[in-house]
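Now for the letters of each chain:
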Amino acid sequence: GGFVAIACGYFHSVGLRNDGTVVTWGGSSEGQRDDAPTDAGFVAIACGWNHSVGLRNDGTVVTWGDFSKGQRDDAPTDAGFVAIACGWNHS
């Protein structure tokens, strides 16, 4: 399928396909590609410096990549989100 969104980090990029799957490319020194989810159900993506965030169709958030500054450890686990964004080392 085609892409509906593209997001770029420092050395990595993430694409959101129209079937709700995520595709990654570029660097993976901090797991930017290796840790990416492989299932469907995503409606939005965002990239920080070395981490990424995906928003699922149920309003939950998934994070992957670098977590040295808490980018992943502090991610909310509840649902209800309607939008996401990333900064350099935060989301």
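For the structure, see preceding data.
All values derive from a computational prediction rather than experimental measurement.

About the criteria used
Residues numbered from 1 in each chain as written. Predicted model: local features only at pLDDT ≥ 70, side-chain atom pairs only at ≥ 80, totals over all residues. Heavy atoms only, no water. Pairing = 2+ DSSP bridges. Helix = DSSP H or I, 4+ residues; strand = E, 2+ residues; numbered from the N terminus. Axes fitted to C-alpha atoms, helices over the stretch in contact; angles between N-to-C directions. Buried < 20%, exposed > 50% of the residue type's maximum accessible area, 1.4 Å probe, protein only. Contact = heavy atoms within 4.5 Å.

## Concerning the sheet that holds strand S4 (residues 42–47)
So, step 1. A sheet is described by the order of its strands in space; here 3 strands give the open sequence S4-S5-S6, paired in antiparallel fashion. A strand with exactly one partner marks an edge of an open sheet, and here the two such strands are S4 and strand S6 (61–65). Strand-to-strand twist across the sheet, computed as the mean angle between neighbouring axes with direction ignored, equals 20°.
So, step 2. In this structure, S4 lies alongside strand S5 (residues 51–56), joined through 5 bridges in antiparallel fashion.

## Some details on the environment of Val 43
So, step 1. Topologically, Val 43 is positioned in strand S4.
So, step 2. Classification of Val 43 by relative accessible area gives partly exposed; the value is 48%.
So, step 3. Spatially, the C-alpha atoms of Val 43 and Val 82 are 9.3 Å apart, while their sequence positions differ by 39 residues.
So, step 4. Here Val 43 is in contact with Leu 16, Leu 55, Arg 56 and Asn 57, once residues within four sequence places are set aside.

Everything listed here is a matter of geometry and, on its own, says nothing about what the molecule does.
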